[in-house]
Amino acid sequence: MMSLTDPSLAVVVRKQIQFKMKSCIGMFSTLIVLQLIALVFSFGGTGMMGGTRSSLEYEMNYYSADIILVFTMLWAFINAILIKTKDYREDDFVFVTNRVSSNLSNIVLLLIVSIVGAITAMLSSYLLRIGIYFFSDNKEIIYTEVEFLELLTGIIAAGLFIFLFSGLGYIIGTLVQLNKTFAFIIPVVFLGFIFLVEMSSEVHLLLEIGKFYFNEESFWLLTSKTIMTSGLLFTAAMLVSNRLEVKQ
Amino acid sequence: MKVVECNELTKEHGQRKALSNLSVTIEENKITGLIGRNGSGKTTLLKILAGFWAESSGQVNVFSNRPFNSLFVSANTVFVDDQMNFPTALTLKEILEQASKFYEKWDMDLALRLFDYFSFDSKQIHNNLSKGNRSTFNMIIGLASRCALTIFDEPTTGMDAAVRKDFYRALLKDYLAHPRSIIISSHYLDELEVVLEDVLLIEEGSNLLHMPIEELKEYAIGLSGSSDQIDGWISDIDVVHTNTVGLDSKYAAVKNDFTGEALEQIKRSGVQVSSVSPGDLCVYLTQTTTGGIDDVFDRS
């Protein structure tokens, strides 16, 4: 009798991650392009104030790398949707896989991608300062000194936000895969719900959600909020896609 | 050991039944040809066996496991068709390397030798290959992965006659060196005949017949002679197919239940007796319409 192989889930997931890191190299090049574009936007400054006092006239420009982070989050969101489209999805099934291993490797890939995105986004603030120094007429630059530990927390927090957005994209991608009409239903329901809530109770839902996640002062609360939400999103996506058929 | 076991397997696509109550058992280390007309459910069956699609009802087991969502079945099965999707970021050589990591019994030496023989360029991208070359490359993946269950769904799509011949030969040689269970679906039974051991003929999602190719060759005989004569002989036996030739001649393929004596009698009456090739037989057996395409144009 021919011998049969019985690989463990962990082994298959590890191989798939390596496979996907190779095949999704395009994701990283789009990341670099996007962050460069965001960097150019950031040169414009995010805020400005000025005034005169007796013979003194002054003008202050605020610069921040927030736009780069926002772009990176959008990138993660779109990537997570893309990874669920027909082409990427069926790449998995050409070799050894089942739906669980396919989802797990996707999640790990998105996590890696989020960390890379967070590191480059956070470090780009240094690039921004250098850029301003060389390209701006105002040579006086006041900046906040960031200690290494602070930078590290910043990267982790940014990574978690990016991962959260990829979780959102992943569940949307999965639902659209389940039924194409979700591509229309989701935005309509989402926007409709926001309008309804705002009309009836004067609460702007998007703003509230934004506050809930982004205005969190405590690092640990922020971490648990984002991890729990993305965990929920990914689990839901896995449960939905466990019944899905491929190659059609 | 039974590699594939289907019991009352049914698959519904919306209202239409692609497979209906199909029951079949495939023993290990056999090359089975899956034959059927367009839309008879060949691909549906193979995709269920590979674990891509879920059955609607009935049981299906591959290596005693339900294939849908089974990592075990996936690790021991390779499914080759012309729709295989490889990442566009990888070159052909890189695809082979990735495949070797996934399939434990992968034979890189064989893969590379076939790769060179069919003069592939290692820098090429799978998406840019011609239809025939794509099928050829997919075939290399199918052979080199040495999976205990190797499934080829219309593997020769787009291949020219020379490559098709090479493929059948490569398949047979590799099978003899490393016996395993292979299922090939195809329209071209005549070409495939030499490599097959068993034939599974399906029609409208059901198992029409499943037998060794040698038996299939003996399954029916063809009788040709004048219409009166033929009609006389076939009045009370199992007729598979009849065809009127010219004004007064008739050809009939009938189930071969004759004794030697009866056959002698038929021959002596002036009727020509011939064998029916498995390819023709399968076409006759799966004919859904009465008459042939000629009758569409024959309005008289």
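Bear in mind the structure is a predicted one, so any value in this text is a computation, not a measurement. (Residues numbered from 1 in each chain as written. Chains lettered and ligands numbered in written order. Predicted model: local features only at pLDDT ≥ 70, side-chain atom pairs only at ≥ 80, totals over all residues.)

Within chain B, the regular secondary structure consists of 12 helices and 13 strands. Taken over the C-alpha atoms alone, chain B extends approximately 65 × 40 × 40 Å along its principal axes. When the 300 residues of chain B are sorted by exposure, 38% land in the buried category. Long-range pairs, those at least 24 residues apart, make up 67% of the contacts in chain B with a sequence separation of at least 6. (Helix = DSSP H or I, 4+ residues; strand = E, 2+ residues; numbered from the N terminus. Buried ≥ 20, exposed ≤ 12 C-beta atoms within 10 Å, placed from the backbone. Contact = placed C-beta atoms within 7 Å.)

Below, the discussion takes up the interface of chain B and chain A. Buried accessible area, meaning the area lost when the parts come together, often serves as the stated size of an interface. Contacts between chain B and chain A engage 32 residues on the former and 29 residues on the latter. Elements supplying a minimum of two residues to the side of chain B that touches chain A: α2 (71–75) and α3 (92–102) of chain B. The element contributing the most residues to the side of chain B that touches chain A is α3 of chain B, with 5 residues. In terms of residue class, the side of chain B that touches chain A is made up of 18 nonpolar, 8 polar and 6 charged. (Nonpolar A, V, L, I, M, F, W, Y, C, P; charged D, E, K, R; others polar.)

What follows deals with the UniProt feature "domain: ABC transporter" (unreviewed entry) in chain B. Residues annotated by UniProt as "domain: ABC transporter" (unreviewed entry) correspond here to residues 4–229 of chain B. With 35% helix and 30% strand, residues 4–229 of chain B has end C-alpha atoms that lie 46 Å from one another. (UniProt positions renumbered as here; feature names shortened; annotations may be inferred.)

The next subject is the UniProt feature "transmembrane region" (unreviewed entry) in chain A. Residue and element names in this part refer to chain A. The UniProt record marks residues 24–43, 63–83, 104–128, 148–170, 182–199 and 219–240 with the feature "transmembrane region" (unreviewed entry), using the residue numbering of this structure. Along residues 104–128 the backbone is 100% helical and 0% strand, and the end-to-end C-alpha distance reaches 36 Å. The span residues 182–199 shows a helical share of 100% and a strand share of 0%, and its end C-alpha atoms are spaced 25 Å apart.

Moving on, we come to the packing of helix α3 (residues 66–82) of chain A against helix α5 (residues 99–135) of chain A. Geometrically, a packed helix pair is captured by the angle between its two axes and the distance between the axes. All names here are of chain A. Packing of α3 against α5 leaves a shortest axis separation of 9 Å and a crossing angle of 165°. By the angle class used here, α3 and α5 are roughly antiparallel. The hand of the α3/α5 crossing is right-handed. Residue-level inspection shows Ile68, Leu69, Thr72, Trp75, Ala76, Asn79 and Ala80 of α3 in contact with α5, the latter providing Leu110, Val113, Ser114, Gly117, Ala121 and Ser124. (Axes fitted to C-alpha atoms, helices over the stretch in contact; angles between N-to-C directions. Parallel < 35°, antiparallel > 145°, perpendicular 65-115°, else oblique. Left-handed = near helix turned anticlockwise from the far one by under 90°.)

This part takes up the sheet that holds strand β9 (residues 206–212) of chain B. Residues and elements named next belong to chain B. Spatially, 6 strands are ordered β5-β6-β7-β3-β8-β9 in an open sheet, and the strand pairing comes out mixed. Each edge of the sheet is formed by a strand with only one pairing partner; in this case those strands are β5 (77–80) and β9. Ignoring which end each strand starts from, the neighbouring axes of this sheet average 15° apart. Bridging between strand β3 (residues 31–35) and strand β7 (residues 181–186) involves 5 bridges; their strand directions are parallel. By the bridge assignment for β7, Gly33 is matched with Ile184. Taken strand by strand, helix α1 (residues 42–49) contacts β3, β5, β6 (149–153), β7 and β8 (198–203), and its axis lies near 150° from that of β6. (Pairing = 2+ DSSP bridges.)

So, about the packing of α3 of chain A against helix α6 (residues 148–178) of chain A. Residues and elements named next belong to chain A. The N-to-C vectors of α3 and α6 enclose an angle of 30°; their axes lie 7 Å apart at closest approach. Taken together, α3 and α6 sit at an angle that is classed as roughly parallel. Considering only the axes of α3 and α6, their crossing is right-handed. Residues Leu69, Thr72, Met73, Ala76, Phe77, Ile78, Asn79, Ala80 and Ile81 of α3 lie in contact with α6, whose contacting residues are Ala158, Phe161, Ile162, Phe165, Ser166, Leu168, Gly169, Tyr170, Ile172 and Gly173. Grouping the constituent residues of the contact of α3 with α6 by class yields 14 nonpolar, 5 polar and no charged.

Turning to the pairing of strand β1 (residues 47–53) of chain A, a few remarks are in order. Look at any regular strand and the pattern is simple: side chains alternate between the two faces of the sheet. Residue and element names in this part refer to chain A. Where burial is concerned, little of β1 is hidden: 0 out of the 7 residues are buried. Of the pairings in the sheet, the one linking β1 to strand β2 (residues 56–62) comprises 7 bridges and is antiparallel in character. When the bridges of β2 are listed, Gly51 appears paired with Tyr58. Here β1 hands over to β2 after 2 residues, with Ser54 in that stretch at a positive phi of 45°.

All names here are of chain B. Domain parsing of chain B yields domain 1 (2–216) and domain 2 (218–297). Its C-alpha centre places domain 1 at a distance of 34 Å from the equivalent point of domain 2. Contact with domain 1, which involves 13 residues of that partner, is made by 9 residues of domain 2. Among the elements of the structure, α7 (189–192), β8 and α8 (213–218) are those that each provide at least two residues to the side of domain 1 that touches domain 2. (Domains from an automatic or database assignment.)

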